[in-house]
Amino acid sequence: MSVLVERDHIGIFGRMNVGKSSVMNLLTQQETSIIDPTPGTTSDTKYALSEIHCVGPVKIYDTAGVDEPSLLGDKKRKKVFNDIKECDLALIMINPAFIEFKSEEGLIKKARELDKQILIIYNIFNDDDGKKIRECEQKNPVLRFCKKITLKANDERYRKELIDFIIANFKSKNQKHELFPFLEKDEYYVLIIPMDAETPPGRYLRPQAMSEEYITRNWAYPVSFRLDLGKARSEINEEREFEEKRFNSFLNDFKKRPKAMITDSQAMDIMNRWCPEDIMLTTFSITMINYISRGKLKEFIEGINTLKNLKSGDRVLVVEACNHSRIGEDIGTVQIPNYFKKHFKGIVLEHNFGREFQENENLRRYKLIIHCGGCMISSQKLLARIHELEAVGIPFTNYGLFLAYLQGREALNKVIKPWNLC
Ligand code: SF4
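These figures come from a predicted structure and were not determined experimentally.

Q: Can you explain the overall build of the chain? Please cite residues and give values.
A: Within the chain one finds 17 helices and 14 strands. Projected onto its principal axes, the C-alpha coordinates of the chain cover approximately 85 × 50 × 35 Å. Looking at the chain residue by residue over its 422 residues, the buried ones come to 53%. Put simply, 73% of the contacts in the chain that link residues at least 6 apart link residues at least 24 apart. In the structure as shown, the chain presents an accessible area of about 20400 Å², 50% of it carried by carbon and sulfur atoms. When the 64 basic and 60 acidic side-chain charges of the chain are each reduced to a single mean position, those positions are 3 Å apart.

Q: An account of helix H12 (residues 297-304) is needed here, citing residue identities and associated values.
A: For H12, every residue scored as buried is listed here: Leu297, Phe300, Ile301, Gly303 and Ile304. Along the axis of H12, the buried residues cluster in a sector spanning 155°; they form a single face. Tucked inside the fold, the buried residues of H12 contact helix H11 (284-292), strand E13 (368-371), helix H15 (379-392), strand E14 (396-398), helix H16 (399-405) and helix H17 (409-416).

Q: Summarise the sheet that holds strand E10 (residues 280-283); cite the residues concerned and give the values.
A: One open sheet holds the four strands; their spatial order is E8-E7-E9-E10, and the pairing between them is parallel. Each having just a single partner strand, strand E8 (221-225) and E10 make up the two edges of the open sheet. Across the sheet, the mean angle from the axis of one strand to that of its neighbour is 25°, orientation sign disregarded. The pairing of strand E9 (residues 260-263) with E10 spans four bridges and is classified as parallel. When the sheet's bridge partners are listed, alanine 260 is paired in E10 with methionine 280. Here H11 sits on the sheet and contacts strand E7 (188-192), E9 and E10; the angle it forms with E10, its principal contact strand, is near 70°.

Q: Now, about the pairing of strand E1 (residues 8-13): what can you tell me, with residues and values included?
A: Counting buried positions along E1 gives six out of six residues, so the element sits mostly inside the fold. With burial as the criterion, each face of E1 is covered, one bearing Asp8, Ile10 and Ile12 and the other bearing His9, Gly11 and Phe13. As paired strands, E1 and strand E3 (residues 56-62) are joined by five bridges and run parallel to one another. Note on E3: the bridge partner recorded for aspartate 8 is valine 58. As judged from the four bridges shared by E1 and strand E4 (residues 89-94), these two strands associate in the parallel manner. Paired with isoleucine 12 across the strands is leucine 91, a residue of E4.

Q: Describe the sheet that holds E14, with residues and values.
A: Taken together, four strands build an open sheet; the order of strands is E12-E11-E13-E14 and the sheet is parallel. Two strands lie at the open edges of the sheet, namely strand E12 (348-353) and E14, each paired on one side alone. Direction aside, neighbouring strands of the sheet carry axes that sit 25° apart on average. Bridging between E13 and E14 involves three bridges; their strand directions are parallel. Note that in E14 the partner of histidine 371 across the bridge is asparagine 398. Helix H13 (residues 331-343) rests against strand E11 (315-320), E12 and E13 of the sheet, and its axis sits at about 160° to E12.

Conventions we followed
- Residues numbered from 1 in each chain as written.
- Predicted model: local features only at pLDDT ≥ 70, side-chain atom pairs only at ≥ 80, totals over all residues.
- Heavy atoms only, no water.
- Helix = DSSP H or I, 4+ residues; strand = E, 2+ residues; numbered from the N terminus.
- Buried < 20%, exposed > 50% of the residue type's maximum accessible area, 1.4 Å probe, protein only.
- Contact = heavy atoms within 4.5 Å.
- Areas by Shrake-Rupley, 256 points an atom, 1.4 Å probe, with all protein chains shown as cover.
- Lys, Arg positive; Asp, Glu negative; His and termini not counted.
- Charge placed at Lys NZ, Arg CZ, Asp CG, Glu CD.
- Arc of directions from axis to C-beta.
- Pairing = 2+ DSSP bridges.
- Axes fitted to C-alpha atoms, helices over the stretch in contact; angles between N-to-C directions.

That is the geometry; function is a separate question.
In structure tokens, the structure reads:
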């Protein structure tokens, strides 16, 4: 799945055995989720990618019931409440035959706090249940203020009604963001790609592939340059000069000057010196964090100022949104720690790898978060992280900005200039 496909995230929430998996199957038109009267059949969130006519591409979350007792139930609840953070629309499923609605109130409260859109689905298991809706709304006035539909979730004839209800009431707030807002048609853009032990054979990394595709799609010309970082940084003069000469000869072969270079962040020490003044320079990491965060690069730039105020003993969290194999001179585990040892003595570095993020309370322990480009997670997931960080007031920045900052203020200004933020 390309992350260039922006999807609305629709979560189905409610208690056990309320028909959430049936609604998942109604929406996806197939048996995506197992349906069984056994309480707790959905033990973990199930995801489905789908296309809903007039809504567009969506990711649907079928979540576990929030009323399961036991320690395992607590874990499931935590996961469900985390899922709400990533959804644009929360479908709250209710069986009107229930006599109290604490669980539903909890879900609605959380979704409201997070400014999520909410729709109520009353699932009717027998004909009398429909008559109980009014009673349930009297008991819980909050339900009166939400748009609702009544259906039988295990009857596929309700599919169209449900989809029409979603189309009529859900307004997508996902605005499309451009990968390179500064791109101009008919211009050349150079992708600086050092290939090392971590580079997978047979394909570009996602930020590189996305950049190439975006530039081509927009009628401009991507040109790649494989930089030999070992030679470019070599202590042997001949090797260093050879690599620089090879780069300059590549550049001189253009009849028309390239408009910008997009470099792997780890090559900033080289590209800051080699990229001529008349050509813009930025990094893949900065490009991705701006794109996935839907234009919040400014907030990541503000976070970089925290580096000046760090004191010995402060904690900094290095965050990577995936679990790629870490070999060789890995940025997160080798290069950034080495830079800290050299430039920020006494700072305690910790890591958070993968798709799960720290709890709010844990986040308070850190003075700064340094996040990777985030190319393997959705905008909703990254925005949920930003929301958590802003809630506890922890500044955050990004790998590309950090590695440019280490080269000096001018280098930092250079890589943010294409984004009109300096
Ligand atoms: S999610 Fe982060 S660490 Fe993983 S490949 Fe993308 S930028 Fe790199």
